[in-house]
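# Survey of secondary and tertiary structure
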Amino acid sequence: MHFIVAFFLVQYAHSVMKHTDHASKWDNFFKYARIVIFSLIATYYIANSPDWFGWIWNLGLLGLVRFFNQNDDFKSIRSTTQSVLPFVGISMVNDFFEQVFPKFFHSYEQFFQIALSFAFIFCFVIWFYARKQQKVLTQEREERLREEQIAKETKLSLEYLVAERTQELTQQKEELQKAIEELKATQNQLIQSEKMASLGELTAGIAHEIQNPLNFVNNFSEVSVELCQELEEEIDKTGIDDNDKDYIKGIISDLSQNQQKITHHGKRADSIVKGMLQHSRASSGEKEPVEVNALADEYMRLAYHGLRAKDKEFNAALVTDFDATIGTVNVLPQDLGRVFLNLFTNAFYAVAEKKRKLTEAGQLGDYKPEVKISTKKFDNKLYIRVSDNGTGMPEHVKAKIFQPFFTTKPTGQGTGLGLSMSYDIITNGHGGVLEVDTVEGEKTEFRITIPIA
Amino acid sequence: MDMKILVVDDEEDVKSLFEQKFRREIRGGQFEFSFAFSGEEALEFMQNHPSEVVMILSDINMPGMSGIELLKKIRADHPSAPPQVMMITAYGDAANHDQAMQLGADDFLTKPVNFNELKEKLLLL
């Protein structure tokens, strides 16, 4: 009986512990507990079933219950293991009476046996009940585990979805930001080109208004020169005293010279007005296939020799980097030529200025003026760069160079119309872009981009 | 012979300019200049002096009747013995030129007028 109780107690405890976190920790304990129980039962039979052996069982069982009750890992089975106590108690009372009052014990042996049997049965009823409870618990636990598993999976998939959405949103946000930046750039460009266009129109309008009165100034001054000549001839016909004649002729000569001066400066103004008028005529004419490389080369030389004619000292290296695959491109040849002429004239002027300034400061060193043209055809676009290692421009100058009448050249040397017209020709005439990059005192680079249809 | 020339321009100074520029020719009786300062005035002048005017020099851009309208009117009203019409304009673009020539202008000059060229052209008539 004791063996069965002990064996099932250990068996029960082990089966419960299997489902807890501490299973592996106690595996060895249960193994040894079983070995001890089996060796005890073996010893009991080998020793010919001595009466006192019941005490060992009882003490062992007590020790086991005590052990279970004291260790926190066995909290869940504590109450069940305590069901052994009545059995142990009755067994101990039985043994006590059997050995101390054998007569009394024997006369009531039946009662003792029945009590012990009840205690024994009680143990198993409790265990049976606990086992059932245990099964329910296990089932519940398993269900909970399954639910947890499902919840975990749901959570994972949700997290994945969230991550996906987040990524989508981030991407959208970046795309939107990019779009906004592009819009801003386009807006700036539009504002700039609108400004340029209205300035161009204004310029052309002013030119028209000025041209008529200017024509009168020029025509009247010219006719006055003729009148002076006639007057001189008429005076010779009269009989005025020679001294007086010379005096009168002197005055007429001065008058004539004044009229010539008026004509001269009127013509100067006229050429400026003509330049201004070219703004409105920039888009006249037809596009035709043109060898852009040849055109650029031609105007580079033209600008160079134009400057050389005025300044024999002037010298600069002409560097060309032409993309031979360009061939012919549909452009307005005269207009584009004017752009080249403007850009090259400015480039040569910039290097000449730098050389002059360095010479004045006595720091010429090994400065070598260089003007470079490079062309490139790529992705249906024509790229043209005109660069120089001249004076460069400060930021406030760079901001204004495309405005009409803005010039840094001394009075009479520049009209301030070249770049504004070039801008007009490239943007409005060719649907392209004209940009500038510059480092003050070091270099300037003009970049033309023209779409090739 | 004196050739009657009508100059039509809204700028009144054109009168003294022509008179000075062609002083010798006027004095020599080669040319006789009349002036009108609008298209309407020019038509009135022509009505009052029928078949007198040989040559008309007209500006195109004028307030009221433009030179082009004047040209149309002249070509419509004087189909027989038509005067020569020379257009003078500050806008020497192709469209302006073609329109004037199509409407029956005999010549087309751009301002500022080159008077030596004009003189030669007038003397050839």
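The numbering scheme is per chain: residues are counted from 1 as the chain's sequence reads. Written order determines the labels here, with chains lettered from A and ligands numbered from 1. Confidence filtering applies because this is a predicted model: local features only for residues at pLDDT of at least 70, side-chain atom pairs given and counted only at 80 or more, and all residues used for totals across whole chains, interfaces and linings. Calculated side-chain values reflect all of the structure's heavy atoms, with hydrogen atoms and water omitted.

### Let's talk about the interface of chain B and chain A
With 16 residues of chain B at the contact, the number on the chain A side is 15 residues. Surface buried jointly by chain B and chain A totals about 1500 Å² across both partners, of which 53% is contributed by carbon and sulfur atoms. A per-residue breakdown of the area chain B buries against chain A is headed by L17, K21 and P112 of chain B, which together make up 32% of the total. When a carboxyl oxygen of Asp or Glu is within 4 Å of a side-chain nitrogen of Lys or Arg, the pair counts as a salt bridge. Connecting chain B to chain A are 3 salt bridges. The salt bridge involving E222 of chain A is made with K21 of chain B; its shortest N-O contact spans 3.7 Å. Secondary structure elements are taken from DSSP: a helix is a run of H or I of four residues or more, a strand is a run of E of two residues or more, and numbering for both begins at the N terminus. Contributing elements (two or more residues each) for the side of chain B that touches chain A: helix 1 (13-21) and helix 2 (23-27) of chain B. Element by element, the count of residues in the side of chain B that touches chain A is highest for helix 1 of chain B, at 6 residues. Tallied by class, residues from the side of chain B that touches chain A come to 7 nonpolar, 2 polar and 7 charged. Residue contacts are defined here by distance: any two heavy atoms, one from each residue, within 4.5 Å place the two residues in contact. Joining two parts hides part of their accessible area as seen by a 1.4 Å probe, and the buried area is that hidden amount summed over both. Residues are sorted three ways: Asp, Glu, Lys and Arg are charged, Ala, Val, Leu, Ile, Met, Phe, Trp, Tyr, Cys and Pro are nonpolar, and all the rest, Gly among them, are polar.

### Regarding the domain arrangement of chain A
Residue ranges for the domains originate in an automatic or database domain assignment. In terms of domain boundaries, chain A breaks down into domain 1 (2-155), domain 2 (193-280) and domain 3 (288-451). Relative placement of domain 2 of chain A and domain 3 of chain A: their C-alpha centres are 34 Å apart.

### Overview of the nonpolar core
All names here are of chain A. Residues belong to one nonpolar core when they are buried, are Ala, Val, Leu, Ile, Met, Phe, Trp, Tyr or Cys, and are joined through side-chain atoms within 4.5 Å. Each residue is placed in one exposure class: buried if its accessible area under a 1.4 Å probe, protein chains only, is under 20% of its type's maximum, exposed if it is over 50%, and partly exposed if it falls in between. The biggest cluster of nonpolar side chains holds 44 residues, and the ones touching the most others in it are F340, F344 and F348. Counting residues per element, the ones that place at least two in this core are helix 9 (292-310), strand 3 (328-331), helix 10 (333-361), strand 4 (370-378), strand 5 (381-388), helix 12 (418-430), strand 6 (433-439) and strand 7 (443-451). The element that contributes the greatest number of residues to this core is helix 10, accounting for 10 residues. The contacts of F340, once residues within four sequence positions are left out, are V292, L295, A296, Y299, I373 and I384. V5, I37, F87 and A130 belong to the second-largest nonpolar core, a separate cluster that totals 30 residues.

### Quick notes on empty space enclosed by the protein
Here the term cavity refers to a set of points on a 1 Å grid, laid over the protein atoms alone, in which a 1.4 Å probe fits but cannot get out; the term pocket refers to an open set having protein on both sides within 12 Å along at least five of seven lines, with lining residues being those that place an atom within 4 Å of a point. Grid points are joined across faces, edges and corners, and a volume is the space filled by probe spheres set on the points. Scanning the entire structure with this criterion turns up 1 cavity of 30 Å³ or more. The computed volume of the largest cavity comes to approximately 180 Å³. Along the walls of the largest cavity sit 19 residues, with F216 of chain A together with D9, V14, K111 and V113 of chain B positioned nearest its centre. Of the residues that constitute the lining of the largest cavity, the class distribution is 11 nonpolar, 4 polar and 4 charged.

### Overview of the layout of surface pockets
All names here are of chain A. Reported here for the largest pocket is a volume of approximately 1600 Å³. Around the largest pocket sit 50 residues that line it, and T345, N346, K409, Q413 and G414 are the ones nearest its centre. Those elements that place two or more of their residues in the lining of the largest pocket are helix 8 (242-280), helix 9, helix 10, helix 12 and strand 7. When its residues are assigned to classes, the lining of the largest pocket shows 19 nonpolar, 22 polar and 9 charged.

### Regarding the packing of aromatic side chains
When two rings of Phe, Tyr or Trp (its six-membered ring) have centres within 6.5 Å they constitute a pair, described as stacked for plane angles under 30 degrees, edge-to-face for angles over 60, and tilted for the intermediate range. Counted under the stated rule, the structure contains 30 aromatic pairs over all chains. Taking the centre distance of 5.3 Å and the plane angle of 75° together, the rings of F18 of chain B and F115 of chain B count as edge-to-face. Placement of F18 of chain B in helix 1 and of F115 of chain B in helix 6 (residues 115-124) is noted, with a sequence separation of 97 residues between them. Geometrically, the ring pair formed by F22 of chain B and F33 of chain B is tilted, given 5.1 Å between the ring centres and 40° between the ring planes. Note that F22 of chain B is positioned in the loop between helix 1 and helix 2 and F33 of chain B in strand 2 (residues 31-36), a separation of 11 residues in sequence. This pair shows no difference in class: F22 of chain B is buried, exactly as F33 of chain B is. Site record: aromatic cluster; members linked through ring pairs are F96, F97, F101, F104, Y108, F111 and F112 of chain A. A cation over a ring is seen here: K409 of chain A above Y349 of chain A, with NZ or CZ 5.0 Å from the ring centre. Two thresholds decide whether a charge sits over a ring: the Lys NZ or Arg CZ must be within 6 Å of the ring centre and within 35 degrees of the ring normal.

### Description of the pattern of salt bridges
Residue and element names in this part refer to chain A. Under the criterion given, the structure shown has 24 salt bridges over all chains. The salt bridge partner of K249 is D236, with a shortest N-O separation of 2.8 Å. Placement of the pair is K249 in helix 8 and D236 in helix 7 (residues 109-237), with a sequence separation of 13 residues. The class for K249 is partly exposed, based on a relative accessible area of 23%. A cluster of three or more residues bridged by salt bridges with shared partners is formed by R385, E435, D437, E445 and R447.

### Observations regarding the sheet that holds strand 5 of chain A
Residue and element names in this part refer to chain A. Taken together, the 5 strands give an open sheet; going across it, the order is 2-4-5-7-6, and neighbouring strands pair in mixed fashion. One side of each edge strand has no neighbouring strand; the edge strands of this open sheet are strand 2 (317-321) and strand 6. Neighbouring strand axes in the sheet, compared pairwise and without regard to direction, differ in orientation by 10° on average. Between any two strands, at least two bridges found by DSSP are needed for them to pair. Where strand 4 meets strand 5, 8 bridges bridge the pair, whose relative direction is antiparallel. Paired with K372 across the bridge in strand 5 is S387. All axes are obtained by fitting lines to C-alpha atoms, using only the stretch in contact for helices, and the reported angles, taken between N-to-C directions, cover 0 to 180 degrees. Across the sheet, helix 12 touches strand 6 and strand 7, and the angle it forms with strand 7 is around 25°.

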